[in-house]
Amino acid sequence: MFNPFKRVPADPSKLFHRGLSCLSDKGVSRVYSQKTGDPDVKGIYGFDSVVRLNSTYLELVDRYYNWRGTWTLAGAFFFCWSFFGFFVWQLITTLVQGEFVFFDWLFFIGMWSVALLISWATYRLMTSEMFFSTYYPIRFNRKNGMVYVHQSGGDVLSVPWQDLRFVLTGGKNFTITEWTITGCVMADDGDAITRTFPLPINLAWDPEDLTMCWEFIRCYMEEGDEYLPDLVDTIPWCPPVENQKEGWLFGLLYLSKQYGRLGLLVNALQFPFFFIISFSRWLVMKTSKVPVWPAEIAATCQPDENDPVNKGAEHNPPQVWRPMLGLQGRTRYAQSFAREREAMDRITARLRVKYGGQESAD
């Protein structure tokens with residue numbers, strides 16, 4: 001039986017790209033190769049989505065984590081606007097004014113019907129984040145070659161890495177095209193898509209920049225152990241969401257983060273908007289549960305006791321807000337950027353040698 005008040009979680013693996021049916025769709029701009037690296041990639045970067053990286057698994061946040069709380073705020077605003085502004089206010093006004101002719105009643109009933117429909121839609125939007133999960137992690141296990149996607153209701157989508165296809169897709173957001181990489185579970189014919197889950201990053205500029213994120217994941221899963229220390233060095237900091245809830249201040253910082261020092265000038269204009277969202281984001285985090293992996297998956301992802309490769313939020317630099325907002329001093333910024341850039345250069349050099357046919361030069 002249809003329940004109009006049933007809350008639907010904002011789980012990207014269940015809501016995203018439902019219209020993507022096969023690899024031959026026009027919406028598929030590129031199909032990435034797991035086995036072949038890109039020798040021309042500009043860099044290797046996780047775009048601040050890495051929760052944990054060790055020799056056994058790589059865990060990322062979900063596609064909607066970046067703007068967690070936005071749907072709650074937007075839903076609450078438009079629900080109040082439609083329900084109280086149109087339905088309740090018009091109802092009170094009608095009762096106070098007294099008699100109306102038949103056509104007046106038809107007009108108001110039509111308006112109320114539309115207002116109630118909008119209220120219902122915004123109610124579902126408003127309640128899609130709270131009391132669910134703080135985030136829906138995606139875990140890549142390089143030792144057993146599996147990908148695990150944590151879903152709402154405690155479900156876990158488990159798919160072999162080699163059975164997935166990752167595609168570049170673009171969608172219109174008003175006048176801007178947003179690009180993202182989507183993991184696809186394939187049917188037996190190799191073309192039809194049965195399930196999808198988006199990777200955490202979406203960009204509204206050059207889609208080739210997404211290749212940096214793709215190569216970060218692909219190198220982790222496909223290349224040798226010598227890549228791992230350099231992959232760690234490309235990560236400036238990790239969101240503190242593993243086994244804990246992020247605080248209000250970090251949520252505000254995450255909304256305001258940028259990838260370059262000049263970005264502060266742009267984000268300064270958006271800060272009042274980020275400040276408002278930070279409160280609905282904090283409410284979502286407070287009311288939601290921290291995701292817990294099933295015991296059997298946690299066991300298969302157990303890292304070695306003395307694993308030399310390990311990166312998580314506990315390794316974040318002091319005053320993490322400085323690199324998040326691009327407010328490091330010139331010397332500290334140069335040191336951090338140099339470490340990350342040198343690690344990227346070592347990885348891209350290996351990729352050029354292996355996949356570009358160039359000779360190695362140490």
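All values derive from a computational prediction rather than experimental measurement.

Undergrad: Just checking my understanding: could you explain the overall build of the chain for this structure?
TA: Of regular secondary structure, the chain possesses ten helices and ten strands. Buried residues in the chain amount to 48% of all 362 residues. Within the chain, counting contacts between residues at least 6 apart in sequence, those at least 24 apart form 76% of the total. A total of about 18500 Å² of accessible surface is found on the chain, and carbon and sulfur atoms cover 61% of it.

Undergrad: I would appreciate a short explanation of a nonpolar patch on the surface in the present structure.
TA: A surface patch of nonpolar side chains, about 500 Å² in accessible area, is lined by F77, F78, W81, V114 and I118. Taken together, the elements giving at least two residues each to the nonpolar patch come down to α2 (70-97) and α3 (102-126). Among the elements that take part in the nonpolar patch, α2 stands out by supplying three residues, more than any other. Its location among the elements puts W81 in helix α2. Owing to a relative accessible area of 43%, W81 belongs among the partly exposed residues under this scheme.

Undergrad: Would you take a moment to explain the packing of aromatic side chains for this structure?
TA: Remark: the centre distance and the inter-plane angle together describe each pair of aromatic rings, the angle taken between the planes. A full pass over the atoms with the stated rule returns 23 aromatic pairs. Measuring from ring centre to ring centre gives 5.2 Å for Y32 and W214, while their planes differ by 35°; the resulting arrangement is tilted. Of this pair, Y32 sits in the loop between β1 (28-31) and β2 (50-54) while W214 sits in helix α4 (residues 210-222); the two residues are 182 residues apart in sequence, bridging distant segments of the chain. Taking relative accessible area as the criterion, W214 reaches 1% and is therefore assigned buried. With 5.9 Å between their ring centres and 15° between their planes, W161 and W214 make a pair best called stacked. With a gap of 53 residues between them, W161 in the loop between β6 (156-160) and β7 (164-173) and W214 in helix α4 connect regions that are remote in the sequence.

Undergrad: What am I meant to see in the sheet that holds β1 here?
TA: In sheet architecture, strand pairing relies on hydrogen bonds along the backbone and comes in two forms, parallel and antiparallel. Pairing is antiparallel across the open sheet formed by four strands, whose spatial order is β1-β7-β8-β9. Edge positions in the open sheet fall to β1 and β9 (193-203), since each of these has one partner strand only. Across the sheet, the mean angle from the axis of one strand to that of its neighbour is 30°, orientation sign disregarded. Relative to β9, strand β8 (residues 176-186) is paired through seven bridges, and the arrangement is antiparallel. Bridge pairing in β9 links W179 to L203.

Undergrad: Would you take a moment to explain the pairing of β6 for this structure?
TA: Two faces belong to every sheet, and in a regular strand the side chains alternate between them. The alternating pattern of β6 places L157 and V159 on a buried face, while none of V156, S158 and P160, on the opposite face, is buried. Where strand β5 (residues 146-150) meets β6, five bridges bridge the pair, whose relative direction is antiparallel. Bridge assignment links M146 to a residue of β6, and that residue is P160. The turn joining β5 and β6, which pair antiparallel and follow one another in sequence, is formed by five residues; a positive phi near 80° is taken by G153.

Undergrad: Looking at this structure, I do not really get the pattern of salt bridges. What am I missing?
TA: Side-chain pairs of opposite charge can arise whenever the charged atoms involved come near each other. This model, assessed by the stated rule, comprises 19 salt bridges. One salt bridge in this structure joins R218 and E215, with 3.0 Å as the shortest N-O distance. With a gap of three residues between them, R218 and E215 both fall in helix α4, about one helical turn apart. Residue class for E215 comes out buried when judged on its relative accessible area of 1%. Between D345 and R341 there is a salt bridge, with its nearest N and O atoms 3.1 Å apart. On the criterion of helical spacing, the pair formed by D345 and R341 is a turn pair, its members being four residues apart in helix α10 (residues 330-356). Salt bridges here are not isolated pairs; linked through shared partners, they connect E215, R218, E223 and K354.

Undergrad: Just to check I follow, could you spell out the side chain of D209 for this structure?
TA: Looking at where D209 falls in the secondary structure, it is placed in the loop between β9 and α4. Beyond its immediate chain neighbours, meaning those up to four positions away, D209 contacts K42, F47 and L203.

Undergrad: When you look at empty space enclosed by the protein in this model, what are you seeing that I'm missing?
TA: Here the idea is plain: a probe the size of a water molecule rolls over the atoms and shows the empty space left. Throughout the structure, instances matching the rule amount to one cavity of 30 Å³ or more. One number sums up the size of the largest cavity: a volume of about 40 Å³. Lining the largest cavity are D11, P12, S13, D62, Y136, I138, V149, H150, F197 and P198. For the lining of the largest cavity, the secondary-structure elements that each account for two or more residues are α1 (12-15), β5 and β9. Its residues assigned to classes, the lining of the largest cavity shows six nonpolar, two polar and two charged.

The rules behind the values
Residues numbered from 1 in each chain as written. Predicted model: local features only at pLDDT ≥ 70, side-chain atom pairs only at ≥ 80, totals over all residues. Heavy atoms only, no water. Helix = DSSP H or I, 4+ residues; strand = E, 2+ residues; numbered from the N terminus. Buried < 20%, exposed > 50% of the residue type's maximum accessible area, 1.4 Å probe, protein only. Contact = heavy atoms within 4.5 Å. Areas by Shrake-Rupley, 256 points an atom, 1.4 Å probe, with all protein chains shown as cover. Patch = residues over 30% accessible without salt bridge, like charges linked within 9 Å, V, L, I, M, F, W, Y side chains within 5 Å. Salt bridge = Lys/Arg side-chain N within 4 Å of Asp/Glu carboxyl O. Phe/Tyr/Trp six-rings, centres within 6.5 Å; stacked < 30°, edge-to-face > 60°. Pairing = 2+ DSSP bridges. Axes fitted to C-alpha atoms, helices over the stretch in contact; angles between N-to-C directions. 1 Å grid on protein atoms, 1.4 Å probe; cavity = no way out; pocket = protein on both sides within 12 Å on 5 of 7 lines; lining within 4 Å. Points joined across faces, edges and corners; volume = space filled by probe spheres on them. Nonpolar A, V, L, I, M, F, W, Y, C, P; charged D, E, K, R; others polar.

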